[in-house]
Amino acid sequence: MNLLTKYFPTLTPQQLKQFAEFEKEFKAWNTQINLVSRTDADNLMERHILHSLGIAKVVQFPAGSAVLDVGTGGGLPGLPLAILFPEVKFHLVDSIGKKIKAVQFMAGVLGLGNVTATQTRAEQVTEKFDFVVSRAVARLAAFHPWIMHSYKKHPARGAGLYYLKGGDLGEEIAESGLVAQVVDLKDFYEEEFFDTKKVVVVPV
Ligand SMILES: C[S@@+](CC[C@H](N)C(=O)[O-])C[C@H]1O[C@@H](n2cnc3c(N)ncnc32)[C@H](O)[C@@H]1O
């Protein structure tokens, strides 16, 4: 059993095929534009895909809801989450055009009709969403003001920001002045590697 089916045993053959295609496409794009470091690309599943899917261990996006991924780079965490939640709409943004081109290409190859991607800065997003996700973009104090305007007025249950982030989170949260909860992914993934991985949850 691989790690994907170990932690997400209800994945369909179609979803497993999409994850395999994502790994292949992502690695190919990574040789052309730097999406993640070359050594990291060799461990794409452990370091990036499962890490992105950690958000799904913390929140289940309801069918029909809309999720914004800010600073998606090569589609993390948005593309793995879009494979996992085919009934949820994902909008992925990044300020760098060539990364968004790669994301659009990959979403097309994977047949992800629930994904749109735009080159823009987070601060300039005008649409509203039920949830915001992100991974490793900026310190919380700088980041949160960029996305505050992006929530719907009547958010879905459990709405808020789900931010995959390293660093000294206690200090970052205090600096931001936000009320936030930190969820440790080692509560869900037993491999040692996940000891350092956390999700910061900031309710709307
Ligand atoms: C360290 S990378 C992380 C990329 C991806 N989330 C991942 O986990 O691999 C940070 C990304 O955020 C993007 N970014 C930084 N500031 C941004 C902003 N204000 N609006 C949109 N994207 C931004 C950068 O272009 C970059 O692709």
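Residues numbered from 1 in each chain as written. Predicted model: local features only at pLDDT ≥ 70, side-chain atom pairs only at ≥ 80, totals over all residues.

The name that an unreviewed UniProt entry assigns to the chain is Ribosomal RNA small subunit methyltransferase G, with the source organism given as Hymenobacter bucti. As recorded by UniProt, the Function (unreviewed entry) comment attached to the chain reads in full: "Specifically methylates the N7 position of a guanine in 16S rRNA." A UniProt comment under Subcellular location (unreviewed entry) is attached to the chain, and it reads "Cytoplasm". (UniProt positions renumbered as here; feature names shortened; annotations may be inferred.)

A. Structural view of the packing of helix α2 (residues 13-32) against helix α4 (residues 44-53). Packing of α2 against α4 leaves a shortest axis separation of 12 Å and a crossing angle of 115°. Taken together, the axes of α2 and α4 lie roughly perpendicular to each other. The handedness of the crossing between α2 and α4 comes out as right-handed. For the pair α2 and α4, the contacting residues are Phe19, Glu23, Phe26 and Lys27 in the first and Leu44, Met45 and Ile49 in the second. (Axes fitted to C-alpha atoms, helices over the stretch in contact; angles between N-to-C directions. Helix = DSSP H or I, 4+ residues; strand = E, 2+ residues; numbered from the N terminus. Parallel < 35°, antiparallel > 145°, perpendicular 65-115°, else oblique. Left-handed = near helix turned anticlockwise from the far one by under 90°. Contact = placed C-beta atoms within 7 Å.)

B. How the structure looks around helix α8 (residues 140-147). Listing the buried residues of α8 in full gives Leu140, Phe143 and Ile147. End-on, the buried residues of α8 take up no more than an arc of 70°, which puts them together on one face. Among the exposed residues of α8, those pointing more than 90 degrees away from its buried face are Ala142 and Pro145. Against β1 (66-70), β4 (131-135), β5 (160-164), α9 (169-176) and β7 (198-203) lie the buried residues of α8. (Buried ≥ 20, exposed ≤ 12 C-beta atoms within 10 Å, placed from the backbone. Arc of directions from axis to C-beta.)

C. Expanded view of the packing of α8 against α9. Remark: α8 packs on α9, axes separated minimally by 8 Å, with the N-to-C direction vectors making an angle of 50°. Classified by the angle between their axes, α8 and α9 sit oblique to one another. Two secondary-structure elements touch here, α8 through Leu140, Ala141 and His144 and α9 through Glu172, Ile173, Glu175 and Ser176. Classifying every residue of the contact of α8 with α9 gives 3 nonpolar, 2 polar and 2 charged. (Nonpolar A, V, L, I, M, F, W, Y, C, P; charged D, E, K, R; others polar.)

D. Representation of the site of the ligand in the model. The environment of the ligand is formed by 19 residues, the closest being Gly71, Gly73, Leu76, Ala122 and Arg135. The residue inventory of the shell around the ligand, partitioned by class, reads 9 nonpolar, 5 polar and 5 charged. (Near = placed C-beta within 6 Å.)

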